[in-house]
Every structure is written in structure tokens, then in C-alpha cells.
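Observations on the model geometry
Chain by chain, the residues run as shown.
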Amino acid sequence: MKIAIVIPAHNEEQYIQLTLESLVQQSHGPAKIIVVDDNSTDRTREIALFYSKKLPLQVVSTTSKAINIPGSKVIQAFNLGLSHINIEDYDIICKFDADLIFPKNYLEVLVSRFRESETIGMVAGHCTIAKNGKWEIENQNNPDHIRGALKAYRKECFKQIGGLKASIGWDTIDEMLARFYGWQVITVPDLHVKHLKPTGAAYNSKSKYLQGEAFFKMRYGWWLTFITAAKMAWNKKQIQLLYDYLRGYQIAKSKNLAPLVTEEQGHYIRNYRWNGIKSKLGVKPRS
């Protein structure tokens, strides 16, 4: 299976060499890599160009705003990179961050899992972060969630979900739409990737309401938003996040922002989330 990888990168000179070197070492090599240098002011582009000697790699440059608005900046860069390849030439489309170290068999395992069934639409390992001298699984809400840092899609699945949305929440919407259309989303428990920067490290205070906006755009509804926001605030040990997320939801509702999913898709997402909550409480989910 032929793999195309798009790597958005903004001022990643500290990490991108490690990411690209780990891709050089893969037992199943990628067929194409596009690094999108997104308005970097450091040596990101220079380092990526050096690796074009070792990898089937192309560097594309763009000059988006320096501010990191979650979901917008990175996906706009990804979509730019994607426009430089013909996805029909590939079997698997990947969106990887520029601060990851992959084990040597990472792409080989992805291919192996995709080959298990033509209904498998997304596959990934798990991000680990350095904590107290050890590499630990990065905190997340659900073990079946694929982190935005290391997405991999079967081409047909990627096309059916309409690609990636340039909005916060994109890395939940993609999975939910994949499931909505009948695709399996697979996480491989023992396939660990080193994530060198914590998720959200580059986000700014202006972004604090956007998670609530994402809940509105995904048609969560008030009570599901409240429960999800409370859980996220608890996991991050930041109670203020509960207020911020609920405030963001209310702002989006007052502005009547356009949802990112249809009513039918929203109904599916709500049922999926409620069934997950009920399952954890020992209540039999609805079919």
C-alpha cells in the first residue's frame, strides 16, 4: 500500500529532524511526504529540504498568520500540502505533526492493520509524552480516539468524510463521520509514538472558547456539552476550562454558527457519545 504523508510545520527546527529521521528508518517507507513550512522564522524549511535527499519529500511554503488558532492554521496548511499530490495515486493519506518520533515499524503496522479489512478507515498508535523520566500515554478522553498528531486514513474513507475541516474539533469530526459511514476506527494499543510537545502547548488565550464552539458545531446539545466539558476540565485539573467551554458553546449558539455536520450526522454523534457514557456507568447502551 502506498502512503502519502502531509506534515504541517511552524517553527519546528527543534523537533522536525527527529520526526523525519524516524521516517527515514521506517521498515515500510512512505511513497510521498509533503512538508508544509507554515510561515516559519527558524530553520524548519532548511532542515526539511535536507531530508529531501533521504526521503521522497517535497517542501511547500505558505504565509498564514503566526497566531495558532486550534484546528484552523494546521488544517489550512495540511490542505495546502494535500493539493500538491494526487490522492488517487495513494492508498493511505496521513496527517502527521512535526514533533513526533515514530518506531521503525510504525508505517508497516498501519499497513498491516488496514489490510485486515476493507472496512477499516482509520488506524493509529498512541501518543506518549515524557513525564518524570518515563514515556507515558498522553492523557485523552477516550482510548479509541486517534490524536490529531498522527492521523492515517484509507483513501476511500478520507474522500467519503470530505477531508478535514479547518475548525477546532476536526480531529473528532473525522472519526465520527468515518463511523457514521460505516468505517472502523482502529487504535493499536502497543504502538507508541513519542510526542515531543504536549497537545495544545502552542494555543493562546484567544482560543479558550473554541472548544465549546466545536461542541456546538458538532450538534452535541447542552447536556452532552456540559458532561464532556466537565470531564475535560477534570482531566486537565483546570476547573476554569469548564466555564470557558460552556461560554464558548453559548457564544456559538447566540451567533447561530453553521454546524459542521448534518442533522442526521449530529444525531449519530450524540447517540454514540451518550452510549459511551452509559456504557461506562454500566447502563446498557441503545442500539
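Each residue is numbered by its place in its chain's sequence as written, counting from 1. Local features in this predicted model are restricted to residues of pLDDT 70 or higher, and side-chain atom pairs are both shown and tallied only at a pLDDT of 80 or more, whereas totals for entire chains, interfaces and linings draw on every residue. Values reported for side chains reflect all heavy atoms of the structure, with hydrogen atoms and water molecules removed beforehand.

**A closer look at the overall build of the protein chain**
Short version of the rule: For helices the rule is a DSSP run of H or I covering at least 4 residues; for strands it is a run of E covering at least 2, with both sets numbered from the N terminus onward. As a reference, a globule follows 2.2 Å times the number of residues to the power 0.38, and the radius of gyration itself is taken over C-alpha atoms. Buried means the residue's accessible area, taken with a 1.4 Å probe over protein chains only, is under 20% of the maximum for its type, while exposed means over 50%, and partly exposed covers the values in between. In this description, contact between two residues means that some pair of their heavy atoms is separated by no more than 4.5 Å. Residues scored as positive are Lys and Arg, those scored as negative are Asp and Glu, and His as well as the terminal groups of each chain are ignored. By convention, the point assigned to a charge is CZ for Arg, NZ for Lys, CD for Glu and CG for Asp.
Looking only at helices and strands, the protein chain features 10 helices and 9 strands. Relative to the globule expectation of 19 Å for 287 residues, the C-alpha radius of gyration of the protein chain, 19 Å, shows essentially globular dimensions. Each principal axis of the C-alpha atoms in the protein chain carries an extent, and together these give about 55 × 40 × 40 Å. Counting across all 287 residues of the protein chain, residues that qualify as buried make up 48%. Counting contacts in the protein chain only where the partners sit at least 6 residues apart, residues at least 24 apart contribute 77% of the total. The distance from the centre of the 39 positive side-chain charges to the centre of the 27 negative ones in the protein chain is 6 Å.

**Quick look at the nonpolar core**
Across soluble globular proteins, nonpolar side chains show a tendency to be buried alongside one another. Short version of the rule: In this text, buried Ala, Val, Leu, Ile, Met, Phe, Trp, Tyr and Cys residues form a nonpolar core when linked through side-chain atoms within 4.5 Å. All domain edges in this entry derive from an automatic or database-based domain assignment.
Among the nonpolar cores identified, the biggest contains 84 residues, and Ile5, Ile7, Leu20, Val35, Phe96, Tyr106 and Leu150 are the most heavily contacted of them. Mapped onto the domain boundaries, this core takes at least three residues apiece from domain 1 (3-195) and domain 2 (209-280). If sequence neighbours within four positions are ignored, Val35 has contacts with Ile7, Ala9, Ile16, Leu20, Ala48, Leu57, Gln58, Val59 and Val60.

**Overview of the packing of aromatic side chains**
Test applied: Two rings from Phe, Tyr or Trp (for Trp, the six-membered ring) form a pair when their centres are within 6.5 Å of each other. A pair whose planes differ by under 30 degrees is stacked, one over 60 is edge-to-face, and the rest are tilted. Should the NZ of a Lys or the CZ of an Arg lie within 6 Å of a ring centre and within 35 degrees of the ring normal, that charge is described as sitting over the ring.
Scanning all chains against the criterion turns up 14 aromatic pairs. Ring geometry for Phe180 and Tyr181: centres 5.0 Å apart, planes at 80°, overall edge-to-face. Classification of Phe180 by relative accessible area gives partly exposed; the value is 23%. Measuring from ring centre to ring centre gives 5.8 Å for Phe180 and Tyr268, while their planes differ by 75°; the resulting arrangement is edge-to-face. Within this pair, whereas Phe180 is found in helix 6 (residues 170-180), its partner Tyr268 is found in helix 10 (residues 263-280), the two being separated by 88 residues in sequence. When the ring centre of Tyr90 is taken as reference, the NZ or CZ atom of Lys2 above it lies at 5.4 Å. In this structure, Lys237 packs its charged tip against the face of Trp234, placed 5.6 Å from the ring centre.

**Focus: the pattern of salt bridges**
Using the following cut-off: By definition, a salt bridge exists where a carboxyl oxygen of Asp or Glu is found within 4 Å of a side-chain nitrogen of Lys or Arg.
Under the counting rule described, the total for this entry stands at 13 salt bridges. One salt bridge connects Glu21 with Lys54, and the closest N-O pair in it is separated by 3.7 Å. One end of the pair, Glu21, is in helix 1 (residues 16-24); the other, Lys54, is in the loop between helix 2 (44-51) and strand 3 (57-62), with 33 residues separating them in the sequence. When the shortest N-O distance is used, the salt bridge between Lys217 and Glu213 registers 2.8 Å. Taken as a pair, Lys217 and Glu213 lie in helix 7 (residues 210-217) at a separation of 4 residues, close to a single helical turn. By the burial criterion, Lys217 is buried, and Glu213 matches it. By sharing partners, the salt bridges in this structure join Asp144, Lys151, Asp174, Glu175 and Arg179 into a single network.

**A short note on the domain arrangement of the protein chain**
Threshold: Once two parts are put together, the accessible area they lose, assessed with a 1.4 Å probe and summed over both, is termed the buried area. Distance and chemistry together define a polar contact, namely a pair of N or O atoms within 3.5 Å, with one atom able to donate a hydrogen and the other to accept it when in protein, and with adjacent residues in sequence counting only for side-chain atoms on both sides.
Here the protein chain is partitioned into domain 1 (3-195) and domain 2 (209-280). The interface of domain 1 with domain 2 comprises 17 residues on the first partner and 18 residues on the second. When the two sides are added together, the surface that domain 1 and domain 2 hide from each other amounts to roughly 1,700 Å², 64% of it contributed by carbon and sulfur. For the pair domain 1 and domain 2, the interface holds 0 salt bridges. There are 3 residue pairs in polar contact (both at pLDDT 80 or more) connecting domain 1 and domain 2.

**What to know about the pairing of strand 4 (residues 92-96)**
Taken residue by residue, a regular strand's side chains alternate between the two faces of the sheet. Stated formally: Strands were regarded as paired on the criterion that DSSP finds at least two bridges between them.
With 5 of its 5 residues buried, strand 4 lies for the most part within the structure. Burial along strand 4 is two-sided: the face carrying Ile92, Cys94 and Phe96 and the face carrying Ile93 and Lys95 are both buried. In this structure, strand 1 (residues 3-9) lies alongside strand 4, joined through 4 bridges in parallel fashion. Looking at strand 4, one finds that Ile3 is bridged to Ile92. Alignment of strand 4 against strand 8 (residues 150-154), held across 5 bridges, turns out to be antiparallel. For Cys94, the partnering residue across the bridge sits in strand 8 and is Ala152.

**Quick notes on unusual backbone geometry**
The phi angle at Asn39 is positive, at roughly 60°, despite the residue not being glycine. Summarising the element assignment, Asn39 is placed in the loop between strand 2 (32-38) and helix 2. The exposure class assigned to Asn39 is partly exposed, which follows from its relative accessible area of 26%. Although it is not a glycine, Arg219 sits at a positive phi angle of roughly 65°.

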